[in-house]
Amino acid sequence: MTHNKIPADHSTELPSKCQVQPEPEDPSEVNSRRDFLKTGAASLLGAAALMTQSDDAQANIEWAEHFQGNYRLMTDQEKVEARARLEKRYSEEYGKAVTVDGTPAKEGVLLGYALNIRKCIGCRRCVKACVAENNQSRGPDAGQRIEWIQVMKMARGEFTKDKMADGYPESQGIQYPEGLGIQVGGNAYSPAGVVLEGEYFYEPEAVPEKDATYMPLACMHCEKPPCVKVCPVRTTYREPDGIVVIDYNWCIGCRMCMSACPYWARRFNVTTPVLPKAEMNPKTHYLGNRPRMRGVVEKCTWCIQRNRIGRYPACVEVCPVGARKFGNLLDPESEVSLILARKNVFRLKAELNTFPKFFYFFD
Amino acid sequence: MHKLISFAPDYIRYIIKGGIKFYAWMGFLAILSAFSLYGFYLQNTEGLIVTGITSQIHDGLYFANLVFLVGVAAGAVTIVFPAYIHHHKAMHEVTVLGEMLAMTAVIMVMLFVFSHMGRPERLWHMIPYLGIYNFPNSMLAWDVLVLNVYLLLNLVCGFYFLYVKYSGGKINKNFFMPLVYISIVWALSIHTVTAFLISTLPARPMWFHSMMPIRFILTAFAAGPCLIILVFLIIRKNTKMWIQDDAINLLSLIITWCLGMALFLTMSEIVVELYARTEHANGLYYLMFGLHGLTKLVPWFWGSLIAMLTAFAMLLIPGIRTNYKLLPIACVLGFGGIWVEKGMGLVVPGFIPTPIGEVTEYYPSMVEVMMSIGNWGIGFLILTVLLKGAIGILLGEVKYGGSKAEKSNDVASGGKAAAYEAR
Ligand code: SF4
Ligand code: SF4
């Protein structure tokens, strides 16, 4: 097959630009050292490829992937190669023409999201649309089911008289509410629950349910994202247009970011994701919905594969009541900017100073 | 130079020689290590689904062991510090054993890091220049740095000392002492940074308090010496090396007060958190009483509290502290209690409830248990080897030009490291 050469191509390092902030030392020196080491790794890889003597393009592509650098620091040429490699592998794997896009951020764009909490009817269509769009794992085991959006269903009328007793310890003869129901406040002896406690796996017959209010959640794309700060290898980073992304090929699976995220936005692939061929969405972005692998972390990217080419995220499109709004915060006439200017807006857990760009509002 | 060349073969030759008991012990540990390898294979083919972790509770037994073992590594300073700062004579004779323990513990930490990671084969991404090292932003990057330097410091100090003893030379104080002082401070740093690793996450209210580092250090200086005393007593029993009572007594005193203060901090936390009982106390509440009917960790918490209190009470009584039949019991209780308290008892409730309020439980799978036992097995394997070599040199059984005269060894070599005839 033709792709035996891929590792070797990779080793013919193109002159790499220093794309991070200027380093204090002489940059040429740093670069040459980096090049040297990279070439070293690549020749190692070449040797390994020779040793295996394999004709299997798939295996070679995987080898090359093992040795590729961090996407953000790749040269344009390397980025193109990395994506081409993936396109080939995915197309073979899923039996259809898969594209892996790499459209970068546009100048003068800072993306923001606003959700009308009054309008949400809890139909969870956004959740399903998200899974279909973003190629999440959907196997039979709990560990194989990944959803990036949670629509929290919370009981309405929790302070009414007949619910006063809820939340007393079991020893006092009163049952806990079914599931992990809301336990807010109430009275001095209640194990007062977390404000957000609610259910997010529910299958209602009809929505909105009479006794429920809904609170959708996903990655907030924080301006000061704690997940980015803690990542030891800068796998996860903020793009110039404000989206927080993950390079799945660079993640070492240490899960520090998951501990750091105050919104529980991140999911870990405990096993190889289960993604049926027929259901796979072939229009992907390198930093977004391309199929993931075992042992890495993933989360919402506001459908980077869509928004970079001027489309709305799938959840925005699918929402039947128009509760979800998305746009450019730097454009004062965009829908989101107008909402921020005119409506009652709040951020979740604002006290943590992560400055989410996901806003909740009500009319 | 010739001395240096003959050091390695002499050292290795000594280590691999031993009686039936020695080989049986090593064989047993080797079998345990095989568990670990098999677990590692499973995790890196099937994925971490073979463990109990989920997206809700994504750190478990491995992370718990990791945190605990950093403490054991730091705990070795309870030997080095009195030896070099207070010139405690009995401690001075055995410092190098502490360094060997510290090295082992750091290696075990690394084993648990490997077990914990989702993609261990990508570890090279952390190597500066080759990959990216998010320093100084990422606490984990700090942790990796301080742990590796600590390993190196102990390696250099320990083996330099052993080599000098072996070759019968004199220690170059200008080189050695600065390293010793640095390693003392460094021992504090490794545990401080490990505490920062989890206490700098406001997303996890249970961990987010400034008491974490000092509490870590106190529990480390209790758990570390507990293990050291046990090892010392075993050494006294099974080798010709005699560790003086003085050293053991000082260690048990250190354990007593560090454990006492650690218990005090636990009490402070409980009072502060549960008096106000905000939702930030949910993690602790889960640990102590269970939350929403989920109570898996409750017996562990109370068990460990009782173990630690019993150990503390025993150690307070001088008659027990100096009774080497009862002292090991207190040490085992202390060690076990702290292992639970700062391992599972700290790591797991940090995730309960999740930041959005979901209450789920975690329990280690068979693979996780197997692999943890395996990692401990590898650790003890390394420890046995390192201690054996060190003891051989301290006793003068391994010395330059002495491979033939191996049997005549009841003379203390080089002054300080006194070797006593086995009783
Ligand atoms: S919500 Fe969580 S994952 Fe998303 S940017 Fe903020 S900290 Fe990161
Ligand atoms: S799990 Fe991946 S993205 Fe998260 S901190 Fe670790 S390396 Fe970074």
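Keep in mind that what you see is a predicted model, and the values were worked out from it rather than measured. (Residues numbered from 1 in each chain as written. Chains lettered and ligands numbered in written order. Predicted model: local features only at pLDDT ≥ 70, side-chain atom pairs only at ≥ 80, totals over all residues. Heavy atoms only, no water.)

K.L.:
Can you help me understand the pairing of strand S3 (residues 150–155) of chain A in this one?
P.N.:
Within a regular beta strand, the side chains point alternately toward one face of the sheet and then the other, so they alternate between its two faces. All names here are of chain A. Buried residues dominate S3, accounting for five of its six residues. Relative to strand S4 (residues 212–217), S3 runs antiparallel, the two being bridged by six bridges. Of the residues in S4, the one forming a bridge with Gln150 is Leu217. (Buried < 20%, exposed > 50% of the residue type's maximum accessible area, 1.4 Å probe, protein only. Helix = DSSP H or I, 4+ residues; strand = E, 2+ residues; numbered from the N terminus. Pairing = 2+ DSSP bridges.)

K.L.:
Even after reading the chapter, I still don't get a nonpolar patch on the surface, so can you show me in this structure?
P.N.:
Residues and elements named next belong to chain B. A surface patch of nonpolar side chains, about 460 Å² in accessible area, is lined by Leu253, Trp257, Met261, Leu316 and Ile317. Counting residues per element, the nonpolar patch draws most heavily on helix H9 (residues 245–276), at three residues. Inspection of the secondary structure assignment puts Met261 in helix H9. Of the residues examined, Met261 reaches a relative accessible area of 44% and is grouped as partly exposed. (Patch = residues over 30% accessible without salt bridge, like charges linked within 9 Å, V, L, I, M, F, W, Y side chains within 5 Å. Areas by Shrake-Rupley, 256 points an atom, 1.4 Å probe, with all protein chains shown as cover. Salt bridge = Lys/Arg side-chain N within 4 Å of Asp/Glu carboxyl O.)

K.L.:
I would appreciate a short explanation of the environment of Leu291 of chain B in the present structure.
P.N.:
Residue and element names in this part refer to chain B. Counting through the fold element by element, Leu291 comes out in the loop between helix H10 (282–289) and helix H11 (298–316). Residue classification places Leu291 among the buried residues on the basis of a relative accessible area of 2%. Note: C-alpha distance between Leu291 and Ala311 (20 residues apart in sequence) is 29 Å. In this structure, Leu291 is in contact with Arg277, Asn282, Tyr285, Tyr286, Pro353 and Val359, ignoring residues within four places of it in sequence. (Contact = heavy atoms within 4.5 Å.)

K.L.:
Whenever I open this one, helix H2 (residues 20–43) of chain B confuses me. Can you help?
P.N.:
Because each turn of an α-helix spans 3.6 residues, side chains separated by three or four positions end up pointing in the same direction. All names here are of chain B. Taking 1.5 Å of rise per residue, the 24 residues of H2 would be expected to cover 34 Å, and the 35 Å separating its terminal C-alpha atoms lies within 8% of that figure. Three or more residues of H2 are buried, namely Phe22, Met26, Leu29, Leu32, Ser33, Ser36, Gly39, Leu42 and Gln43. Elements that come into contact with the buried residues of H2 comprise helix H1 (2–16), helix H3 (61–75), helix H5 (89–116) and helix H15 (366–395). (Expected span 1.5 Å × (residues − 1).)

K.L.:
Before we go on, may I ask you to explain the site of ligand 2 in this structure?
P.N.:
Contacts to ligand 2 come from Cys231, Pro232, Val233, Thr235, Cys251, Ile252, Gly253, Cys254, Arg255, Met256, Cys257 and Val297 of chain A. Here the shell around ligand 2 is composed, by residue class, of nine nonpolar, two polar and one charged. (Near = heavy atom within 4 Å. Nonpolar A, V, L, I, M, F, W, Y, C, P; charged D, E, K, R; others polar.)

K.L.:
Sorry, what's going on with the pattern of salt bridges here?
P.N.:
Oppositely charged side chains may form a pair once their charged atoms are brought near each other. All chains considered together, the criterion is met by 26 salt bridges over all chains. The residue Asp245 of chain B makes a salt bridge to Arg236 of chain B at a minimum N-O spacing of 2.6 Å. On the basis of relative accessibility, which here comes to 36%, the residue Asp245 of chain B falls in the partly exposed class. Given a relative accessible area of 12%, Arg236 of chain B falls into the buried group. Three or more residues joined by partner-sharing salt bridges are found here, namely Glu133, Arg306, Arg311 and Glu317 of chain A.

K.L.:
Would you mind going over the packing of aromatic side chains with me for this structure?
P.N.:
Two aromatic rings, taken as a pair, are described by how far apart their centres are and by the angle between their planes. All names here are of chain A. Enumeration according to the criterion identifies 37 aromatic pairs over all chains in this entry. A ring pair is formed by Phe358 and Tyr360, whose centres lie 5.3 Å apart and whose planes are at 55°; its orientation type is tilted. Just as Phe358 is buried, Tyr360 falls in that class too. One aromatic cluster is present, formed by Tyr113, Trp302, Phe326, Phe346, Phe358, Tyr360 and Phe362 through successive ring pairs. The ring of Trp264 carries the charged tip of Arg267 above its face, separated from the ring centre by 3.7 Å. Stacked on the ring of Tyr248, the Lys or Arg Arg292 has its end atom at 5.7 Å from the ring centre. (Phe/Tyr/Trp six-rings, centres within 6.5 Å; stacked < 30°, edge-to-face > 60°. Lys NZ or Arg CZ within 6 Å of the ring centre and 35° of its normal.)

K.L.:
How do you make sense of the nonpolar core when you look at a structure like this?
P.N.:
Across soluble globular proteins, you tend to see nonpolar side chains buried next to one another. Judged by nonpolar contacts, the single largest core of 162 residues is most densely connected at Leu97, Phe232, Ile235, Met241 and Ile243 of chain B. No other element matches helix H8 (residues 212–238) of chain B, which puts 17 residues into this core. Ignoring anything within four residues of it in the chain, the contact list for Ile243 of chain B reads Val94, Leu97, Phe232, Ile235, Arg236 and Ile248 of chain B. Residues Tyr113, Trp264, Ala265 and Phe326 of chain A belong to the second largest nonpolar core, which totals 53 residues. (Core = buried A, V, L, I, M, F, W, Y, C linked by side-chain atoms within 4.5 Å.)

K.L.:
Looking at this model, I keep getting lost on the site of ligand 1. Mind explaining?
P.N.:
Contacts to ligand 1 come from 14 residues, most closely from Cys219, Met220, Cys222, Cys227 and Cys261 of chain A. Here the residues of the shell around ligand 1 sort into 11 nonpolar, one polar and two charged.

K.L.:
Help me out: how do you make sense of the interface of chain B and chain A in this one?
P.N.:
Between chain B and chain A, the residue contacts involve 50 residues of the former and 63 residues of the latter. The junction of chain B with chain A conceals about 4,900 Å² of combined surface from both sides, 59% of it contributed by carbon and sulfur atoms. Summed over the three residues of chain B that lose the most area to chain A, namely Tyr129, His292 and Ile356 of chain B, the buried surface amounts to 17% of that side. Between chain B and chain A we count one salt bridge in total. Salt-bridge contacts for Asp59 of chain B lead to Arg255 of chain A; the nearest nitrogen and oxygen are separated by 3.8 Å. There are 24 residue pairs in polar contact (both at pLDDT 80 or more) connecting chain B and chain A. Tallied by class, residues from the side of chain B that touches chain A come to 22 nonpolar, 19 polar and nine charged. (Buried area = accessible area lost by both parts, 1.4 Å probe. Polar contact = N/O pair within 3.5 Å; in protein donor to acceptor, adjacent residues only side chain to side chain.)

Remember, this is a structural readout, not a statement about activity or role.
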